[in-house]
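# Residue-level structural notes
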Amino acid sequence: MLDEAKTVDDVQTALRCSARAAVRAQGMTVVQLEHGECHYLYEDAMSPLWAGQRFPATSCISGWAMLHDQTVAIPDIRTDSRIPQAAYRPTFVRSLLMVPIRVNGSPVGAIGAYWADLHQATSGEVATLERLADAAGRALAKVPARRVPAAA
């Protein structure tokens, strides 16, 4: 599906339809890095997360993953200083996996997977989400100029 994407919306939709199930998570988000902010574009989750919201890249875990260009797995968000506790407190999220999406080698977004229970992401889950992020980056590199899609 990502290989056939013709627009940014196609890429986002393909991720929304596949990422959560691929790692058996209770939620997922697609985040775009814009002018130093993380814009939570899309989500597929058992309850609302942050679709449509923006946070400074320096104060959220998706921003950390993009700014450091690293995958991050957190088995207990309550014990990690990179997590903005106030933003997560009203959600079901207890564990997460965040993977940067790169276009031409530079992070432009991220895919986040979330679990309601303590969960240490397996090497298979990490590899799966990283493959999806790589495919999304390749697809984004081929589509017309990126614009910000509306939140779903």
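I will try to describe carefully the structure that is included in this document. (Residues numbered from 1 in each chain as written. Predicted model: local features only at pLDDT ≥ 70, side-chain atom pairs only at ≥ 80, totals over all residues. Heavy atoms only, no water.)

## Focus: the nonpolar core
Residues Leu-15, Ile-111 and Leu-129 are the most contacted members of the largest nonpolar core, which totals 31 residues. Those elements that place two or more of their residues in this core are α1 (8-22), β1 (27-34), β2 (37-45), β5 (95-103), β6 (106-115) and α4 (123-142). The biggest single contributor to this core is α4, with eight residues. In this structure Leu-15 touches Leu-2, Met-28, Val-30, Ile-101, Ile-111, Leu-132 and Ala-136, once residues within four positions along its chain are discounted. Residues Cys-60, Ile-61, Met-98 and Ala-110 belong to the second largest nonpolar core, which totals 23 residues. (Core = buried A, V, L, I, M, F, W, Y, C linked by side-chain atoms within 4.5 Å. Buried < 20%, exposed > 50% of the residue type's maximum accessible area, 1.4 Å probe, protein only. Helix = DSSP H or I, 4+ residues; strand = E, 2+ residues; numbered from the N terminus. Contact = heavy atoms within 4.5 Å.)

## Overview of the environment of Thr-7
Summarising the element assignment, Thr-7 is placed in the segment before α1. Residue classification places Thr-7 among the partly exposed residues on the basis of a relative accessible area of 33%. Between the C-alpha atom of Thr-7 and that of Ser-95, which follows or precedes it by 88 residues, the distance is 31 Å. Of the polar contacts made by the side chain of Thr-7, one reaches the backbone nitrogen of Asp-9; its length is 3.4 Å. Only 3.0 Å separates the side chain of Thr-7 from the backbone nitrogen of Asp-10, close enough to count as a polar contact. (Polar contact = N/O pair within 3.5 Å; in protein donor to acceptor, adjacent residues only side chain to side chain.)

## As for the sheet that holds β1
Hydrogen bonding along the main chain pairs the strands of a sheet, whether they run parallel or antiparallel. Strands sit in the order β3-β2-β1-β6-β5-β4 across an open sheet of six strands; the sheet is antiparallel. Taken across any chain shown, the strands that pair with only one partner, and hence form the sheet edges, are β3 (54-56) and β4 (72-74). Within this sheet the neighbouring strands show an average axis-to-axis angle of 25°, counted without direction. Strand direction decides the pairing type here: β5 and β6, joined by nine bridges, are antiparallel. Looking at the pairing, Leu-96 lines up with Tyr-114 of β6. Across the sheet, α1 is in contact with β1, β2, β5 and β6; its angle to β2 comes to roughly 50°. Docked against the sheet, α4 engages β5 and β6, running at close to 30° with respect to β5. (Pairing = 2+ DSSP bridges. Axes fitted to C-alpha atoms, helices over the stretch in contact; angles between N-to-C directions.)

## Comments concerning the side chain of Asp-80
Locating Asp-80 in the fold gives a position in the loop between β4 and α3 (85-88). On the basis of relative accessible area, Asp-80 is assigned to the buried category, the value being 15%. A polar contact of 2.8 Å, which involves the side chain of Asp-80, links it to the side chain of Arg-82. Apart from the residues lying within four places of it in its own chain, the contact partners of Asp-80 are Ile-74 and Gln-85.

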